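# What the coordinates show
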Amino acid sequence: MEVGPANRADVLKQSRGLTARDAEVISYLARHQVLTALQLARLVFGSYSHARSRLAVLHERGVLARFRRDIWPGSQPWRYTLGPVGAIVHAAATGAALPRPATVSETVLRLAHSTHTEHRLGVNDFFATLAGHTRHQPECSLREWWPENEIAETCAGVVRPDAYGEYTAADGTLEFFYEHDTGTETI
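Summarised in this report is the structure supplied together with it. (Residues numbered from 1 in each chain as written. Predicted model: local features only at pLDDT ≥ 70, side-chain atom pairs only at ≥ 80, totals over all residues. Heavy atoms only, no water.)

Note that Thr 36 resides in strand β1 (residues 35–36). For Thr 36, a relative accessible area of 12% gives the class buried. Apart from the residues within four sequence positions on either side, Thr 36 is in contact with Trp 78, Arg 79, Tyr 80 and Leu 121. (Helix = DSSP H or I, 4+ residues; strand = E, 2+ residues; numbered from the N terminus. Buried < 20%, exposed > 50% of the residue type's maximum accessible area, 1.4 Å probe, protein only. Contact = heavy atoms within 4.5 Å.)

What the rule picks out here adds up to nine aromatic pairs. A centroid spacing of 6.2 Å and a plane angle of 85° characterise the contact between Phe 126 and Phe 176, whose relative ring orientation is edge-to-face. Placement of the pair is Phe 126 in helix α7 (residues 117–135) and Phe 176 in strand β6 (residues 172–178), with a sequence separation of 50 residues. Phe 126 gets classed as partly exposed once you look at its relative accessible area, which sits at 32%. An aromatic cluster of at least three residues, connected via ring pairs, comprises Tyr 28, Phe 126, Phe 127, Trp 145, Phe 176 and Tyr 178. (Phe/Tyr/Trp six-rings, centres within 6.5 Å; stacked < 30°, edge-to-face > 60°.)

Written out as structure tokens, the structure reads:
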């Protein structure tokens, strides 16, 4: 596990030069917790290679953290989440309490070892693909994408979908709950 910035001055130094696109990446990760480079490319960047390059820079600066499991053969794509600098920058921008770097590291460890992370990535992949589609279709938009925790609060536990979306096309708007089935749940 990587060591975070030593103090707030280091955070300020590492946060210099963050672009509006970087802020968008930080915002997506703050809301949806974990995304792959391909998902972030669909959401924010024009190309996968540009996304990978910028995400590597943000990782080096502590804005993002990343993890993956070694699988045979090869390895998984990197899973990105907020690093200490990104979590502090997001908290400062939204008026939330500033997290300690150790707290951020604990969150990254939990995500890296949670059995729910792959499920969350599946949900996020559906919405990232849909959002990527809308980037090339000017008459379409993904107006809303709420993660599971926001739906649980809003619906007071009456329904428990994995996400909520609102998709608009030329012929109308579709509001929907999304359930990502990996074949592990009893119907």
